[in-house]
Amino acid sequence: MKKRRKNGGAVSGRSVWGLVWFRFKKNKLAMAGLFVLIFIMLAVLLAPLYVDYQAVVSQKITNRFKAPNATNWFGTDQFGRDLFARVVYGGRISLFVGLAVIMLSFVAGCILGGLAGYFGGVVDQVIMRIVDMFMAIPAILLSMAVVAALGNGTGKMLIALAVAQTPRFTRIVRSSIMGLRNQEFIEAAKCYGSSSARIIFKHLLPNGMGPVIVSTTLTLGQVIINIASLGFLGIGVASPTPEWGTILSETKAFIRYYPYLGLIPGACIALSVMAVNFIGDGLRDALDPRMKN
Amino acid sequence: MSENRPLVETRNLCKYFDTPRGQLHAVEEVNLSIKAGETLGVVGESGCGKSTLGRVILRLIPPTRGEVYYEGENILEYRGKQLKKMHVNMQMIFQDPFTSLNPRLSISNIIAEPMKVCGLVRNRREMAERVRELMEVCGLPARYVNTYPHELDGGRRQRVGLARALAVDPKFIVCDEPVSALDVSIQAQILNLLMDLQEQKGVSYLFITHDLCVVRHISHQIMVMYMGQVVEFAEKNELFKNPLHPYTKALLSAIPTIDLSRRNRERQLLRGEVANPINPKPGCRFAPRCAYAAQECLEPQTLREVAPGHKVACWRCQG
């Protein structure tokens, strides 16, 4: 971070990323989000160190619907399984598949939307009509179709969910690129012979990133719920493997009498989404040099 | 290079835009030539195709017809690696210093970008050296090296735009109204900077403007455009002393003056609007607003040399 900039030391300064971090640090909400996310990630990553996987799957019917207490911190579910263990292990899939899906669809959306927005014309027509076709199909149905084509498995489910989210990102990226591509600094870049890729990735995308980042981070919750829907349909994560969305959908019949069954995994999803969203907001502002230092 | 051979030349350059209502004739049959180290001023009211002309010459917009020569080579035929020769020799300065700089890049990166793209420097130290040198040439204090465009005022931004254009060491720069967005005091600074650079480096300019005082200050030769066509072309002093085309006369008489003795001089006020540039009729395009219009004006008017180096597209002007 403390690298000297390429000005040969004329003005001592931070590197570009050092500057971003400097601005990010000032955003309290974003820092809180970062800490919460790191905490949740460590908790789920290190789960095997403090929770036995047996507790996740072993059923004990006499022990069902125990309210949170000293031995079962989050209580137990309808099969007498420890909810804490299930939530901690469930987060591994929810969080990592969720984050991987939004990153994947973010990158794909940037490339497709960038191409469509920058070149316009035929390229735009072809890309956007395909995107329209994908958008016409409900996300879940589309994911199912992709899983049906690729086969079952977490990795394939990840791709399926990313394919379902990409059209939205493509649209957002395209529209923000189209607003920028006629700016004079793009003409200047063409003037000294910048390649199209360089114009898209160096000049257009960084300037059109704001709305895309916000939309990306808000999508995480939806993706986690979609994982559950796929699991419910027998694709992707199957019972008894825990996953936040799956836990929610499995226990939803009982939340009237045992609200903690819905509240706890729901709170985990909400907390992660909020944390990621705050980080996204902070990142958007930190990446924009026009924001006050 | 020999004295007489022009650095940049266009032949019958045309640019038509297809619009839903027909063809918009933005640039029509423009022939110009600029010698090394000289400035050609292009004047005309807004929408007359000045900027389009500049962009067509730099291949930012593909022309409909015609040729553009740089040192005798038709740059429109350049492909692949040949394009680099064009990119390092021909550059542009833009009108609006608030949109012509990428807001996400620092000043040093903006100036370094052309050098990176064209592969003109070998390492970071050399690049930093060049950036500092360019900033100094353009009158930018070194402390701005890590600032961002939004932190600078219009004049400084325009200097950054100039430094970026100079980064590849071009021999020809299209200046698209580079001072019209600036304060008058800053305008003079930028113009003088441009002229100093011309003296030091022998750069040629195609200087696009609607400001006649500016064009008088900086140009060697002046080209007056009306609706995409060149109506008059002459050496600077000749044009201001002896304007021949009715449009040029009207333009010159519209220059505000502080000379009280000329306060009640006769002004030639133009009435009416610029005619529709979509599918224009043959004949003089200025005729609908011209005080001297006659039957002959319905015939196409060609640019004729009426005096050495003075060309006019009006049948009434016989030198």
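Everything below is about the structure printed above this text.
What comes next concerns the included structure.

Some thoughts on the overall build of chain B
Counting its secondary structure elements, chain B contains 9 helices and 12 strands. The C-alpha atoms of chain B give 21 Å as radius of gyration, which agrees with the globular expectation for 319 residues (20 Å, within 12%). Across the 319 residues in chain B, those meeting the buried criterion constitute 44%. Across chain B, contacts joining residues at least 24 apart in sequence account for 66% of those joining residues at least 6 apart.

Things to note about the sheet that holds strand S4 (residues 65–70) of chain B
All names here are of chain B. As summarised here, the arrangement of the 4 strands in space is S2-S1-S4-S5, forming an open sheet in which the pairing is antiparallel. Every interior strand has two partners, whereas the edge strands, strand S2 (22–34) and strand S5 (73–74), have only one. The pairing of strand S1 (residues 8–19) with S4 spans 5 bridges and is antiparallel. Residue pairing in the sheet places Val 8 in a bridge with Tyr 70 of S4.

Some words on the pairing of S4 of chain B
Residue and element names in this part refer to chain B. Here S4 pairs with S5 via 2 bridges, running antiparallel. For Tyr 69, the partnering residue across the bridge sits in S5 and is Asn 74. Here S4 hands over to S5 after 2 residues, with Glu 71 in that stretch at a positive phi of 45°.

Here's the deal with the pairing of S1 of chain B
All names here are of chain B. Two elements, S1 and S2, share 9 bridges in a ladder whose sense is antiparallel. Bridging from a neighbouring strand, Val 8 pairs with Ile 34 of S2. What sits between the antiparallel neighbours S1 and S2 is a turn of 2 residues.

Remarks on the interface of chain B and chain A
With 33 residues of chain B at the contact, the number on the chain A side is 23 residues. Those elements giving two or more residues to the side of chain B that touches chain A turn out to be helix H2 (82–89), strand S6 (90–93), helix H3 (107–118) and helix H4 (124–137) of chain B. The element best represented in the side of chain B that touches chain A is H4 of chain B, accounting for 6 residues. Across the side of chain B that touches chain A, the residue classes break down as 16 nonpolar, 8 polar and 9 charged.

Side note on the sheet that holds strand S10 (residues 229–235) of chain B
Residues and elements named next belong to chain B. The 8 strands lie next to each other as S6-S7-S8-S3-S9-S10-S12-S11, forming an open sheet whose pairing is mixed. Edge positions in the sheet fall to S6 and strand S11 (304–307), since each of these pairs with one other strand and no more. Taking each pair of neighbouring strands and ignoring which way they run, the sheet shows an average axis angle of 25°. Alignment of S6 against strand S7 (residues 172–176), held across 4 bridges, turns out to be parallel. Considered in S7, the bridge of Ile 93 is made with Cys 175.

Some remarks on the nonpolar core
In this structure, Ile 111, Ala 163 and Leu 206 of chain B are the most contacted members of the largest nonpolar core, which totals 89 residues. Per-element accounting of this core gives the leading share, 6 residues, to H3 of chain B. In this structure Leu 206 of chain B touches Ile 34, Leu 40, Val 42, Gly 54, Ile 57, Val 174 and Cys 175 of chain B, once residues within four positions along its chain are discounted. Within the second largest apolar cluster, 61 residues are counted, among which are Val 88, Ala 160, Phe 169 and Ile 279 of chain A.

Thoughts on helix H1 (residues 50–57) of chain B
All names here are of chain B. Along H1, 8 of the 8 residues are buried, which leaves the element largely enclosed by surrounding structure. Inspection of H1 places Lys 50, Ser 51, Thr 52, Leu 53, Gly 54, Arg 55, Val 56 and Ile 57 among the buried residues, and these make up the whole buried set. Within two residues after H1, Arg 59 carries a phi angle of roughly 65°, on the positive side.

Remarks on the packing of helix H5 (residues 83–119) of chain A against helix H11 (residues 209–232) of chain A
Residues and elements named next belong to chain A. The N-to-C vectors of H5 and H11 enclose an angle of 125°; their axes lie 9 Å apart at closest approach. Put simply, H5 runs oblique to H11. Crossing of H5 over H11 shows right-handed handedness. Between H5 and H11, the contacting residues are Ile 93, Ser 94, Val 97, Gly 98, Val 101, Ile 102 and Phe 106 on the first element and Thr 216, Thr 219, Leu 220, Val 223, Ile 224 and Ile 227 on the second. Residues belonging to the contact of H5 with H11 are distributed by class as follows: 9 nonpolar, 4 polar and no charged.

Re helix H9 (residues 246–253) of chain B
Among all positions of H9 of chain B, only Pro 246, Tyr 247, Thr 248 and Leu 251 of chain B are buried. Each element contacted by the buried residues of H9 of chain B is listed here: strand S3 (39–43), helix H7 (212–218), strand S9 (221–226), S10 and helix H8 (236–241) of chain B.

Rules behind the numbers
- Residues numbered from 1 in each chain as written.
- Chains lettered and ligands numbered in written order.
- Predicted model: local features only at pLDDT ≥ 70, side-chain atom pairs only at ≥ 80, totals over all residues.
- Helix = DSSP H or I, 4+ residues; strand = E, 2+ residues; numbered from the N terminus.
- Rg over C-alpha atoms; globule rule 2.2 N^0.38 Å.
- Buried ≥ 20, exposed ≤ 12 C-beta atoms within 10 Å, placed from the backbone.
- Contact = placed C-beta atoms within 7 Å.
- Pairing = 2+ DSSP bridges.
- Nonpolar A, V, L, I, M, F, W, Y, C, P; charged D, E, K, R; others polar.
- Axes fitted to C-alpha atoms, helices over the stretch in contact; angles between N-to-C directions.
- Core = buried A, V, L, I, M, F, W, Y, C linked by C-beta atoms within 7 Å.
- Parallel < 35°, antiparallel > 145°, perpendicular 65-115°, else oblique.
- Left-handed = near helix turned anticlockwise from the far one by under 90°.

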